[in-house]
Amino acid sequence: MRGILLLNVGTPATAEKPDVKKFIGDMLSDPHLTGYPEWLSFFLARKIIAPFSAAKSAEKYKKIWRAEEPKISPLLYYMQKLAEDLEAKKGITVEIAMRYGEPDISSAFKELERRCPLLHEVVVFPMYPQFAQSTTQTIKEELGRIFFKRPHSFRVKFVEPYYYHPSFINALAENAKPYLDEIDRLVFCYHSLPVSQVEAGWKKGKEFDYVYQLKETNRLLCEKMKIDPHHTLIFYSSQRGKNWLKPFLNTDIGDLPKLGWKKVAIAAPGFIVDNMETLYDIDFEARTIFMEAGGEKFTFIPSLNNSEIWIEAIWKIIEKI
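Residues numbered from 1 in each chain as written. Predicted model: local features only at pLDDT ≥ 70, side-chain atom pairs only at ≥ 80, totals over all residues. Heavy atoms only, no water.

## Considering helix α8 (residues 195–204)
As a reminder of what qualifies: Here the term buried applies to any residue with accessible area under 20% of the maximum for its type, exposed to any over 50%, and partly exposed to those in between, with areas from a 1.4 Å probe on protein chains only. The helix and strand labels rest on DSSP assignments: H or I over at least four residues marks a helix, E over at least two residues marks a strand, and numbering proceeds from the N terminus. Summarising the geometry, the arc corresponds to the directions from the helix axis toward the C-beta atoms.
Buried within α8 we find Gln197, Val198 and Gly201. One side of α8 holds all its buried residues, which, seen down the axis, span an arc of 100 degrees. In α8, those exposed residues whose orientation departs by more than 90 degrees from the buried face are Trp202 and Lys203. Among the residues trailing α8, Gly205 stands out with phi positive, at a value near 125 degrees.

Put into structure tokens, the structure is as follows:
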């Protein structure tokens, strides 16, 4: 029997400072994210970045944290809903895991084995449509490290970047349609990356080229929705330095009204479920900057989350691998 493991970056356990500090420290200790040696990544993350940024980050998380009891992060909430709905509609065992934080990959494997005694194959579906060293590569290496630690009764199949898959593009298009009336520009927002990482991927070829892949997603999406690509823009968010992919959302979005583009809709095709980068960086911070700069209409397009069309798309992506 098959099982599915849905994988994402992770989230703090709560929006309180100690948990946010731990999450930042865990995540930024990964040299795949920082580009620094492991020892330096660990030192910077644990001793400098996490202690100094935890309080500010915790305040941001509190603005987006879901209020129902028990209180839960949007990312974990939508991951759980997606797994539940996919399992119910397709009759297959589904678990979720995070690269950083809980539930971790090891415990998710154990839960799949417990719930599915005849399990012979696990399809690992990452919530990253485009390849990046800081997502796809680190996930693959962590999967390998955990999987080969002990014998398993199942094999693992990893879903490679699906940035161009027709079902993914169709899901994005259908999800965006209700939000595109009376706008001057459609804005695509992606997570920024260090230019050095992007260039390293570009040299390896298209299957490792983050910018090529995201632009291909945009091209196919515009083609599907019959939108002139020249009426779209690309911004990058969550940068942690100057030499990262630009233009930066949190500085340059305010220039659009003075260029005559006062009504925009923003989509984030690189984020499958809503999280800090969509709900705070886009729907709160970028909205505020844009409107205060003279904008008239700012439409946030939610992520695919646990929508029915995304569930069908996941199934189509994995059924032939």
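## Side note on the packing of aromatic side chains
What counts, and what does not: Only Phe, Tyr and Trp rings take part, Trp by its six-membered ring, and two of them pair if their centres are within 6.5 Å. Stacked means planes under 30 degrees apart, edge-to-face means over 60, and tilted covers everything else.
With the rule as written, the count across this model stands at 16 aromatic pairs. Between Tyr77 and Tyr78 the ring centres are 5.1 Å apart and the planes differ by 75 degrees, which places this aromatic pair in the edge-to-face class. The exposure class of Tyr78 is buried, given its relative accessible area of 17%. Where Tyr162 meets Trp310, the ring centres are 6.1 Å apart and the plane angle is 35 degrees; that geometry is what we call tilted. A residue pair is termed long-range when its members are at least 10 positions apart, and Tyr162 in the loop between β4 (155–158) and α7 (166–176) and Trp310 in helix α12 (residues 308–318) qualify at 148 residues.

## What about the nonpolar core?
As a reminder, the rule being used: Within this scheme, the nonpolar core is defined by two criteria: the residues are buried Ala, Val, Leu, Ile, Met, Phe, Trp, Tyr or Cys, and they are joined through side-chain atoms within 4.5 Å.
Counting residues in each nonpolar core, the largest one holds 53 residues, and the members touching the most others are Leu6, Phe125, Phe168 and Trp310. Among the nonpolar cores identified, the runner-up in size contains 33 residues, and Trp65, Ile266, Tyr280 and Phe300 belong to it.

## Thoughts on the pattern of salt bridges
Put simply, the rule is: Note on definitions: salt bridges are taken to be side-chain nitrogens of Lys or Arg within 4 Å of carboxyl oxygens of Asp or Glu.
For the structure on display, the rule yields 23 salt bridges. For Glu59, the salt bridge identified is with Lys62, shortest N-O distance 3.6 Å. Of this pair, Glu59 and Lys62 both sit in helix α3 (residues 38–64), 3 residues apart, roughly one helical turn. A residue is classified by how much of its surface remains accessible, and Glu59, at 45% relative accessible area, is partly exposed. Here Glu142 ties to Arg99 by a salt bridge, and the two come within 3.8 Å at their closest N and O atoms. Of this pair, Glu142 sits in helix α6 (residues 133–147) while Arg99 is found in strand β2 (residues 93–100), placing the two residues 43 residues apart along the sequence.

Purely geometric numbers; function is a separate question.
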